[in-house]
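# A closer look at the structure
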Amino acid sequence: MTASIAFNDFRREPEALQLALLAAAERVIRSGWWVLGREVQAFEQAWALHCGTAHAVGVANGLDAIEIGLRALGIGPGDEVITTPVTAYATTLAIQRCGALPVFADIDPSTACLATESVATCIGPATRAVLPVHLYGRAADLDGLEELCRSHGLHLVEDCAQAHGARHLDRPVGSVGRCAAWSFYPTKNLGAIGDAGALTTADAELARVARSLRNYGQSDRYHHDLAGMNSRLDELQAALLSERLGWLDAWTHRRREIAGHYRSRIHHPLLTPMAEPQDPSSHVHHLYVLRTPQREWVQAQLAEQGVSTLIHYPLPCTRQKALAGHRIAPGGIPHALEHCRTCFSLPIHPFLQDDEVKRVIDACNELPDAPA
Ligand SMILES: Cc1ncc(COP(=O)(O)O)c(C=O)c1O
């Protein structure tokens, strides 16, 4: 019996990287300074450079990064933020937590990212921001959304949690909106060994407020001008992220290679791929998603062949019990509902070996006839 193909497998990280991580951990432990120090500053600088922005503010996780971004823009009770129903619930939760009302536009069925035309129909007098997600690693329609936001005086806030290194034409994602939120949860394309996140922005004042909000709203030691939170990034995670950042481009290259094999070699009438991006640099393939009307059955068949799959996401945010007040696009969200009914994800982590990629492809192509 051959081993199952896991969705992620961090034990396979290269030995050279593991040694560098151990050395970084020792450096931090021996430094005697463990929260918001030199390692955080160094990672913030490196990450800002990578994202083509002037500032990066390290925070505790991606959820906080979104909340801090929205709050730094002054968004709160009485305001509305337009977003996508097909995302990790954290995107919506951040809007809820800052006291604003989430408004859900529909997605473009070919990419599963926000449909700009649907966003336009959601704009009302209380709308303050649009929060697109670069879902599965693919840059959302930033040109269209940027223009829409400019013409309506709205803030564009990017959720980049799944899109480290993706570009929109000549600009990295995370450098287009007023600010952008990043997650470095271990499974992300750039991950820590635990929770971590960051906010990027070109705006020095916004960065200053975000730095204050992440640290109890302090303006100076023991002076609290804002009701902030504790969302500090620790030195250990920052040092480990700095080491891993050096590998990100190679991992992205490998993800693109695997996605290319899946795209060109999976041919089964029951499996429909997402649209291919015109510009390969716009997609970093955090996830490889297919759609099928027979999802449960397909997943069970693949599991029998030792191929792990997951669903991103089985429910749109509109169907989560935690959701309180919200609005939905006047035309509804039919594409989002259909996507959540039919999507599933194949393993695409950068440590998959060629024979495993082939096994995934064969398992997909050799699916037996579906039950009637
Ligand atoms: C699109 C998106 N936004 C936000 C988050 C939240 O990030 P974190 O888990 O670091 O809070 C995630 C992580 O799952 C995500 O995928």
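Thresholds applied
- Residues numbered from 1 in each chain as written.
- Predicted model: local features only at pLDDT ≥ 70, side-chain atom pairs only at ≥ 80, totals over all residues.
- Heavy atoms only, no water.
- Domains from an automatic or database assignment.
- Contact = heavy atoms within 4.5 Å.
- Buried area = accessible area lost by both parts, 1.4 Å probe.
- Axes fitted to C-alpha atoms, helices over the stretch in contact; angles between N-to-C directions.
- Helix = DSSP H or I, 4+ residues; strand = E, 2+ residues; numbered from the N terminus.
- Left-handed = near helix turned anticlockwise from the far one by under 90°.
- Nonpolar A, V, L, I, M, F, W, Y, C, P; charged D, E, K, R; others polar.
- Near = heavy atom within 4 Å.
- Polar contact = N/O pair within 3.5 Å; in protein donor to acceptor, adjacent residues only side chain to side chain.
- Areas by Shrake-Rupley, 256 points an atom, 1.4 Å probe, with all protein chains shown as cover.
- 1 Å grid on protein atoms, 1.4 Å probe; cavity = no way out; pocket = protein on both sides within 12 Å on 5 of 7 lines; lining within 4 Å.
- Points joined across faces, edges and corners; volume = space filled by probe spheres on them.
- Pairing = 2+ DSSP bridges.

With that settled, the discussion passes to the domain arrangement of the chain. For the chain, the assigned domains read domain 1 (10-245) and domain 2 (248-365). The distance between the C-alpha centroids of domain 1 and domain 2 comes to 23 Å. Opposite the 49 residues of domain 1 that make contact, domain 2 presents 47 residues. Between domain 1 and domain 2, a total of about 3,700 Å² is buried, with carbon and sulfur atoms accounting for 58% of that surface. In terms of surface lost to domain 2, no three residues of domain 1 exceed R12, Y136 and N189, which account for 22% of the buried area on that side.

A word on the packing of helix 2 (residues 38-51) against helix 8 (residues 235-245). Viewed as axis vectors pointing N to C, helix 2 and helix 8 meet at an angle of 40 degrees, and their least axial separation amounts to 8 Å. Crossing hand, helix 2 versus helix 8: left-handed. In this structure, helix 2 uses R38, E39, V40, F43, A46, W47 and H50 to contact helix 8, whose residues at the interface are E235, A238, A239, L241, S242 and L245. Across the contact of helix 2 with helix 8, the residue classes break down as eight nonpolar, two polar and three charged.

Turning our attention to the site of the ligand. The full set close to the ligand counts 15 residues, and G62, L63, D159, S183 and K188 are the nearest of them. Here an oxygen atom of the ligand and a side-chain polar atom of S183 are 2.7 Å apart. Residue K188 places a side-chain N or O atom 2.9 Å away from an oxygen atom belonging to the ligand. When the ligand sits alone it has 390 Å² of accessible area, and the protein chains cover 86% of it. Residue composition of the shell around the ligand, grouped by class: seven nonpolar, six polar and two charged.

A water-sized probe, rolled over the atoms, reveals where empty space remains. With the rule as written, the count across this model stands at one cavity of 30 Å³ or more. In this structure, the largest cavity spans a volume of roughly 140 Å³. What lines the largest cavity is a set of 16 residues, among which F10, P186, K188, R255 and F351 lie closest to the centre. The residue makeup of the lining of the largest cavity, split by class, is six nonpolar, five polar and five charged. When residues are assigned to domains, the lining of the largest cavity turns out to be shared by domain 1 (10-245) and domain 2 (248-365), each giving three or more.

For the peptide bond that leads from H312 to Y313, omega is 15 degrees, which places it in the cis range. Inspection of the secondary structure assignment puts Y313 in the loop between helix 10 (295-304) and strand 14 (327-328). Phi at Y216 takes a positive value of approximately 60 degrees, unusual for a residue other than glycine. Mapped onto the elements, Y216 comes out in the loop between helix 7 (204-213) and strand 10 (218-220).

The antiparallel open sheet is built from three strands, whose spatial order is 12-13-15. Both outer strands of the open sheet, strand 12 (272-273) and strand 15 (343-346), are each paired with one neighbouring strand and no more. Two strands pair when backbone bridges link them, and strand 12 and strand 13 (residues 288-291) are joined in this way by two bridges, in the antiparallel orientation. Among the inter-strand pairings, P273 is bridged to a residue of strand 13, identified as L290. Packing against the sheet, helix 11 (residues 334-342) makes contact with strand 13 and strand 15, and its axis sits at approximately 50 degrees to strand 15.

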